[in-house]
Amino acid sequence: MLLDQTRPGDGGRVAMLTRNPALNRVLVAILEEWHYHPVASAAECDILLIERGLTLPAGVPRTLWLTPMPLGVEPHLELPFSLIDLYHYLEPLFFGAPRRHIRLAINQPVDLNVRGVWLVGRLLSLSDRGARIACPATLPKGESVILDFKVGGYPLRTVAEVLYDVPAGDSPGREQPQAGLMLNSFKPVQREALRRFIARSYVEQACARTGVDINDPGLSWIDLAKNPWGELAD
């Protein structure tokens, strides 16, 4: 469930029609990261993300409007729109087993306590409900562990349950066993903060790849938390 692997379905071809070039560039980079196929022409797409007020090209099979006001039953996202809402709208359209939780590829240290013994591993993937880690020991399915780690400089601790293990291999990055974990003890406010962190991370990474400034006015179309951990601050 947490491994980045081939899933039933295809990411689909997504076109964008807006008067916001900064947003277009950032969304193209994010959609590629989500394994969709951005295309330049609306005539070639499976779905068109279009700014409300622009003329809808003929022959578009499916549209998702970006609008400052509600549109009733028409599929739309209100500005500023949630990147997570966009993720969850697209997932069931193109994947046979849509993921319920947006996740972020990551590579950083994590401390884990297994039966009273502390080990140092690597955090490889993270959502508000699960994680994938690499660690020195094979963790059997059903094992309970404690995780200590920081994301965005904010310290987090949670109890987790091992859902599956993956043996070590010879390929780069697979030198240690890996495990998929369910994160069981986060409070709702912590889960919301993690979702905000993941959304902001996707935008920051896309900005780094495209050269768009994170403070570009065009990105005000995206609902982006300046400090994902603000509600958790002491």
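A quick note: this is a predicted structure, and the numbers were derived from the prediction, not measured. (Residues numbered from 1 in each chain as written. Predicted model: local features only at pLDDT ≥ 70, side-chain atom pairs only at ≥ 80, totals over all residues. Heavy atoms only, no water.)

### Description of the sheet that holds strand E8 (residues 130–134)
Where strands meet in a sheet, backbone hydrogen bonds hold them as pairs that are either parallel or antiparallel. Defined as follows: Here, any two strands with at least 2 DSSP bridges between them count as paired. Labels follow the DSSP assignment, with helices taken as runs of H or I lasting at least four residues and strands as runs of E lasting at least two, numbered in each case from the N terminus. The axes are straight lines fitted to the C-alpha atoms, using for helices just the contacting stretch, and the angles between their N-to-C directions are given from 0 to 180°. For this analysis, residues touch if any pair of their heavy atoms sits within 4.5 Å.
With antiparallel pairing, the 6 strands of this closed barrel are ordered in space as E6-E7-E8-E11-E10-E9. In this sheet, adjacent strand axes meet at a mean angle of 45 degrees when their direction is disregarded. Bridge count for strand E7 (residues 117–126) against E8 is 4 bridges, and the pairing is antiparallel. Counterpart to Leu123 in the pairing with E8 is Ile133. The sheet strands contacting helix H3 (residues 188–210) are strand E6 (104–114), E7, strand E9 (144–151), strand E10 (154–166) and strand E11 (178–183), and the helix crosses E6 at an angle near 145 degrees.

### Thoughts on the packing of helix H1 (residues 21–33) against H3
Our working definition: Here the angle decides the label: under 35 degrees means roughly parallel, over 145 means roughly antiparallel, 65 to 115 means roughly perpendicular, and every other value means oblique. Here a crossing is called left-handed whenever its near helix is offset anticlockwise from the far helix by less than a right angle, and right-handed whenever the offset is clockwise. Gly counts as polar in this scheme, as do all residues outside two lists: the nonpolar Ala, Val, Leu, Ile, Met, Phe, Trp, Tyr, Cys and Pro, and the charged Asp, Glu, Lys and Arg.
Packing of H1 against H3 brings their axes to within 9 Å, and their N-to-C directions diverge by 115 degrees. It follows that H1 is roughly perpendicular to H3 by the angle criterion. As H1 runs across H3, the sense of the crossing is right-handed. Residue-level contacts link Arg25, Val26, Ala29, Ile30 and Glu33 of H1 to Tyr202, Val203, Ala206, Cys207, Arg209 and Thr210 of H3. In terms of residue class, the contact of H1 with H3 is built from 7 nonpolar, 1 polar and 3 charged.

### Here we look at the pattern of salt bridges
To keep things clear, this is the line we draw: Here a salt bridge means any side-chain nitrogen of Lys or Arg lying within 4 Å of a carboxyl oxygen belonging to Asp or Glu.
Scanning all chains against the criterion turns up 10 salt bridges. Of the charged contacts, one joins Arg13 and Asp46 as a salt bridge, the two residues approaching to 2.9 Å between their closest N and O atoms. You can see Arg13 sitting in strand E1 (residues 13–17) and its partner Asp46 sitting in the loop between strand E2 (37–38) and strand E3 (47–51), a full 33 residues away along the chain. Arg157 is paired through a salt bridge with Asp148; the nearest N and O atoms lie 2.6 Å apart.

### Section: the confidence of the model for the protein chain
Which entries qualify depends on this criterion: Per-residue confidence from the prediction method is given by pLDDT, with values spanning 0 to 100.
For the protein chain, the average pLDDT comes to 93, and 94% of its residues sit at 70 or higher. This model gives residues 1–6 a pLDDT under 50, and the stretch forms 21 contacts once residues within four places in sequence are excluded.

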